[in-house]
Amino acid sequence: MKRLLDHTTVRRVVALLLLLALWETASRLNWLDPFYAPAPSAIGKVLFSLFAEGQIWTHLEATFSAAMLGLVAGLALGIVLGFVAALMPLLAQLIEPVMILLNAIPRVILAPLFVIWLGIELASKVALALILVAVLIFFAVYSGIKEVDQRLVERVRTLGGDRRVLIREVYVPSVTAWIMGSLKVAVGFAFTGAIVGEFVASSRGLGYLLQFAQSSYNAALTIALITLIMAFVIVLFAISEWLERRLLRWRYV
Amino acid sequence: MLRVRNLSVGYGAEPVLEGIDLEVKTGEFASLIGPSGSGKTSVLRAVTRLLQPLAGSIELDLEPNDIGFLFQDDALLPWRTARQNVALGLRIRGNAVKEAENVADHWLGRLGLGVFGDRYPRQLSGGQRKRVAIAQVLALRPKLLLMDEPFASLDAIVRTRITQELLAWVEQEHMAVLLVTHDLEEAISVSDVVYVLSQGPRAGIRARHEIPIPRPRNLLETRRDPCFAPLLTTLWDDLSAASVTDDSTQ
Ligand SMILES: Nc1ncnc2c1ncn2[C@@H]1O[C@H](COP(=O)(O)OP(=O)(O)O)[C@@H](O)[C@H]1O
Ligand SMILES: [Mg+2]
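Since we're looking at a predicted model, the values are computed, not measured.

Draft legend 1. Local environment of the domain arrangement of chain A. Domain boundaries assigned for chain A yield domain 1 (4-32) and domain 2 (48-252). A straight line from the C-alpha centre of domain 1 of chain A to that of domain 2 of chain A covers 33 Å.

Structure representation (structure tokens):
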């Protein structure tokens with residue numbers, strides 16, 4: 001037992017279980033008002049029925065597609081714009097101020113505008129996730145390139161490397177490191193974009209369900225949905241981490 | 001092989017060095033010594049075209065590809081293995097990956113790193129990284145080797161050993177060398193000719209001394225050569241005179 005407790009993960013799981021047990025007990029003893037803080041077992045039941053009745057799938061699909069499409073498109077756009085701005089100073093004069101402005105505002109305020117432009121279906125959610133991710137990744141790439149180790153650049157140049165070799169051997173790998181450093185935040189941003197987009201206007205998605213749960217004062221459903229979103233993000237974090245260890249093998253060996 | 005005439009280099013308009021004249025003949029081992037900040041690195045950067053000279057000329061009677069540059073630090077590409085780092089220069093010169101990596105393995109072996117080909121730079125010691133950097137340069141078979149205080153960061157034991165090995169490579173590959181260093185004893189023990197820089201700003205060549213010790217050299221034996229001690233004194237005097245004159249003008 002003591003050996004087992006030496007593992008961080010085991011300790012964390014034990015702490016979580018203890019907390020849940022405490023919460024459950026407090027609920028059963030009526031120390032907590034189920035209207036505000038329903039017992040974990042009640043939340044679990046709601047979660048189970050969401051899946052058992054099958055209505056959850058269409059919402060999951062909506063949110064998941066919006067977040068993933070936004071994430072991928074945002075990564076692509078951020079990487080392209082970052083490289084363009086870093087390698088073409090003239091265009092940087094145009095792109096940088098726009099990005100700084102977009103970075104300074106809470107970008108979710110663009111949600112209503114996207115709904116007006118793109119409608120209440122998937123497109124407006126993808127757009128919001130995209131803009132959240134793209135700005136983040138743009139700065140990772142842009143500053144990543146600007147802060148590339150100049151000694152490495154000189155080294156490759158004295159070995160006879162031209163611009164193409166420099167990009168392949170120095171810029172791309174060091175930018176990859178920066179992007180991987182931002183990937184987890186980007187995953188979180190993609191879900192924020194998708195769900196906030198659904199809050200604003202939608203006909204399905206976890207954000208839509210949350211909106212519904214809130215308007216009907218259903219705390220158990222609200223917490224169940226939050227738990228579900230957390231579970232998804234944790235899985236995506238694990239995938240990001242795996243990807244990071246693969247792509248940045250040189251850092252972890 | 002390399003002739004530098006009236007060279008001025010600097011960052012911005014203000015020159016760091018001015019009116020530098022020096023020459024490295026075929027097969028010759030030349031050193032440039034000067035205190036830190038006098039502009040030694042800047043001279044090498046000008047020779048390799050990393051830095052645009054403010055004035056003067058640099059004549060090279062060889063191709064840019066025939067110049068090898070061993071840098072002051074051992075910054076290798078952290079995301080490439082030792083083998084890939086050594087192969088890089090060969091690949092840039094048009095060799096296929098497989099062929100380049102074979103040559104790289106060969107040179108890693110010759111530098112005693114045969115078993116470390118698959119390691120990343122952060123898995124190597126400072127001395128091992130330095131050897132990889134040497135292999136990277138030697139694999140390109142340069143005719144002129146430029147070295148910027150290549151061993152300053154190494155401990156005395158590793159430093160002596162690697163320097164001695166490098167001397168052997170220089171003899172074997174018939175390379176001309178321009179070594180930049182602040183270490184007088186090192187300069188005397190390895191070179192045929194030593195140029196002394198005055199202190200900056202606007203440093204210049206203060207003196208040129210031939211070292212009449214026969215080659216090939218042995219690092220430890222050269223120090224016992226009868227002309228070693230007198231040369232050391234002379235160079236010291238040159239260097240300190242250089243700084244004193246400069247202090248008085250400031
Ligand atoms: N990239 C740079 N920009 C501006 N000044 C520089 C730069 N690199 C070196 N210098 C200045 O030029 C002078 C000579 O530097 P350097 O050639 O590195 O000297 P050394 O190699 O002899 O120590 C120093 O005073 C240093 O501050
Ligand atoms: Mg230097």
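Draft legend 2. Summary view of the interface of chain B and chain A. In this assembly, 24 residues from chain B lie in contact with 21 residues from chain A. Here chain B packs against chain A, burying approximately 2,200 Å² in sum over the two surfaces, 61% of which is carbon and sulfur. When the buried surface of chain B facing chain A is broken down by residue, Phe 71, Trp 79 and Ile 92 of chain B rank first, second and third, together holding 29% of it. Along the contact surface separating chain B from chain A lie 5 salt bridges. When the shortest N-O distance is used, the salt bridge between Arg 91 of chain B and Glu 169 of chain A registers 3.7 Å. A per-element tally of the side of chain B that touches chain A places helix H2 (residues 82-92) of chain B first, with 4 residues. Split into classes, the residues belonging to the side of chain B that touches chain A amount to 12 nonpolar, 4 polar and 8 charged.

Draft legend 3. Looking closely at the site of ligand 1. All names here are of chain B. Taken together, Tyr 11, Val 16, Pro 35, Ser 36, Gly 37, Ser 38, Gly 39, Lys 40, Thr 41 and Ser 42 are the residues near ligand 1. Residue Tyr 11 places a side-chain N or O atom 3.3 Å away from a nitrogen atom belonging to ligand 1. When ligand 1 sits alone it has 560 Å² of accessible area, and the protein chains cover 54% of it. With 3 residues, the top contributor of residues to the shell around ligand 1 is helix H1 (residues 40-47). Tallied by class, the residues present in the shell around ligand 1 amount to 3 nonpolar, 6 polar and 1 charged.

Draft legend 4. Representation of the sheet that holds strand E9 (residues 205-210) of chain B within the structure. Residue and element names in this part refer to chain B. Judged by pairing direction, the sheet is mixed, and its 6 strands sit side by side in the order E5-E6-E7-E3-E8-E9 without closing on themselves. Of all strands in the sheet, those with a lone pairing partner are strand E5 (67-70) and E9, marking the two edges. Between one strand axis and the next, the sheet turns by 15° as a mean value, whatever way the strands run. As paired strands, strand E8 (residues 193-197) and E9 are joined by 5 bridges and run antiparallel to one another.

What counts, and at which threshold
- Residues numbered from 1 in each chain as written.
- Chains lettered and ligands numbered in written order.
- Predicted model: local features only at pLDDT ≥ 70, side-chain atom pairs only at ≥ 80, totals over all residues.
- Heavy atoms only, no water.
- Domains from an automatic or database assignment.
- Contact = heavy atoms within 4.5 Å.
- Buried area = accessible area lost by both parts, 1.4 Å probe.
- Salt bridge = Lys/Arg side-chain N within 4 Å of Asp/Glu carboxyl O.
- Helix = DSSP H or I, 4+ residues; strand = E, 2+ residues; numbered from the N terminus.
- Nonpolar A, V, L, I, M, F, W, Y, C, P; charged D, E, K, R; others polar.
- Near = heavy atom within 4 Å.
- Polar contact = N/O pair within 3.5 Å; in protein donor to acceptor, adjacent residues only side chain to side chain.
- Areas by Shrake-Rupley, 256 points an atom, 1.4 Å probe, with all protein chains shown as cover.
- Pairing = 2+ DSSP bridges.
- Axes fitted to C-alpha atoms, helices over the stretch in contact; angles between N-to-C directions.

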